[in-house]
Amino acid sequence: MTATYVIEGSRITGPDSFWTVVGEAVNGPGGYFGRNLDAFADCLSGGMGTPDDGDFVFEWRDHALSARALGHAATARYLERLAARAHESNRGRLREECARAAAGLGPTLFDRLVEIIRDRLGADGLRLL
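Fair warning: this is a prediction, and the values are worked out from it, not measured in the lab. (Residues numbered from 1 in each chain as written. Predicted model: local features only at pLDDT ≥ 70, side-chain atom pairs only at ≥ 80, totals over all residues. Heavy atoms only, no water.)

Asker: It is not clear to me how the overall build of the chain should be interpreted in this structure. Could you clarify?
Answerer: Across its full length, the chain carries 6 helices and 3 strands. Mapped in sequence order, the helices and strands of the chain form the string β-α-α-β-α-α-α-α-β. Relative to the compact-globule value of 14 Å for 129 residues, the chain shows a C-alpha radius of gyration of 15 Å, a close match. For the chain, the spread of C-alpha atoms along the principal axes amounts to about 45 × 30 × 30 Å. Sorting the 129 residues of the chain into buried and exposed places 40% on the buried side. In the chain, of all internal contacts separated by at least 6 residues, the share reaching a separation of at least 24 is 63%. With 15 positive and 18 negative side-chain charges, the chain shows a separation of 7 Å between the mean positions of the two kinds. (Helix = DSSP H or I, 4+ residues; strand = E, 2+ residues; numbered from the N terminus. Rg over C-alpha atoms; globule rule 2.2 N^0.38 Å. Buried < 20%, exposed > 50% of the residue type's maximum accessible area, 1.4 Å probe, protein only. Contact = heavy atoms within 4.5 Å. Lys, Arg positive; Asp, Glu negative; His and termini not counted. Charge placed at Lys NZ, Arg CZ, Asp CG, Glu CD.)

Asker: Any chance you could explain the packing of helix α4 (residues 72-85) against helix α5 (residues 88-102) here in plain terms?
Answerer: Interhelical geometry of α4 versus α5 gives an angle of 165° and a closest axis separation of 8 Å. It follows from the interaxial angle that α4 and α5 lie roughly antiparallel. Our pair here, α4 against α5, has a crossing hand that is left-handed. Side by side, α4 and α5 meet where His72, Thr75, Ala76, Leu79, Glu80, Leu82, Ala83 and Ala84 of the first sit next to Arg91, Leu94, Arg95, Glu97, Cys98, Ala101 and Ala102 of the second. Classifying every residue of the contact of α4 with α5 gives 9 nonpolar, 2 polar and 4 charged. (Axes fitted to C-alpha atoms, helices over the stretch in contact; angles between N-to-C directions. Parallel < 35°, antiparallel > 145°, perpendicular 65-115°, else oblique. Left-handed = near helix turned anticlockwise from the far one by under 90°. Nonpolar A, V, L, I, M, F, W, Y, C, P; charged D, E, K, R; others polar.)

Asker: Help me understand the sheet that holds strand β1 (residues 3-8), please; the structure alone is not making it clear to me.
Answerer: Within a sheet, adjacent strands bond to each other through the backbone by hydrogen bonds, running parallel or antiparallel. As summarised here, the arrangement of the 3 strands in space is β1-β2-β3, forming an open sheet in which the pairing is parallel. Two strands bound the open sheet, and with one partner strand each, they are β1 and β3 (126-128). For this sheet, the mean angle separating the axes of adjacent strands, direction not counted, is 20°. As paired elements, β1 and strand β2 (residues 56-61) share 6 bridges and run parallel to each other. In the strand pairing of β2, Val6 is matched with Glu59. (Pairing = 2+ DSSP bridges.)

Asker: How do you make sense of helix α6 (residues 109-121) when you look at a structure like this?
Answerer: Given 3.6 residues per helical turn, the α-helix brings residues three or four places apart onto the same face. The first and last C-alpha atoms of α6 sit 18 Å apart over 13 residues, in line with the 18 Å expected at 1.5 Å per residue. Listed in full, the buried residues belonging to α6 are Leu109, Phe110, Arg112, Leu113, Val114, Ile116 and Ile117. At the exit of α6 stands Gly122, carrying a positive phi of roughly 85°. (Expected span 1.5 Å × (residues − 1).)

Rendered as structure tokens:
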């Protein structure tokens with residue numbers, strides 16, 4: 001039977017709350033399911049609270065609220081934090097992405113999260129409600 005994990009989009013106000021909401025959806029209160037895009041993608045590969053057979057989906061309720069909370073402004077702040085602690089060889093690229101996001105251009109964190117879920121779980125692995 002397919003496990004369904006509900007992401008309550010109304011609780012998402014930015015990246016930090018997304019990590020909390022998705023962690024709790026999968027692993028209960030205080031649960032972990034990544035705290036950055038790479039860790040989230042890794043967690044989707046299994047072994048972090050999801051069924052071993054990979055038979056699970058995410059149901060993202062109130063996703064439009066999440067899309068706004070994880071929009072270009074939040075993306076720019078997220079990339080700025082990454083750039084501040086990134087290896088020197090990656091800082092320039094991250095700062096360029098940050099500037100684009102600050103100008104309202106390019107993919108948002110919401111877009112990237114949706115892409116990661118669909119890449120790892122397939123198109124049927126995410127239900128946007």
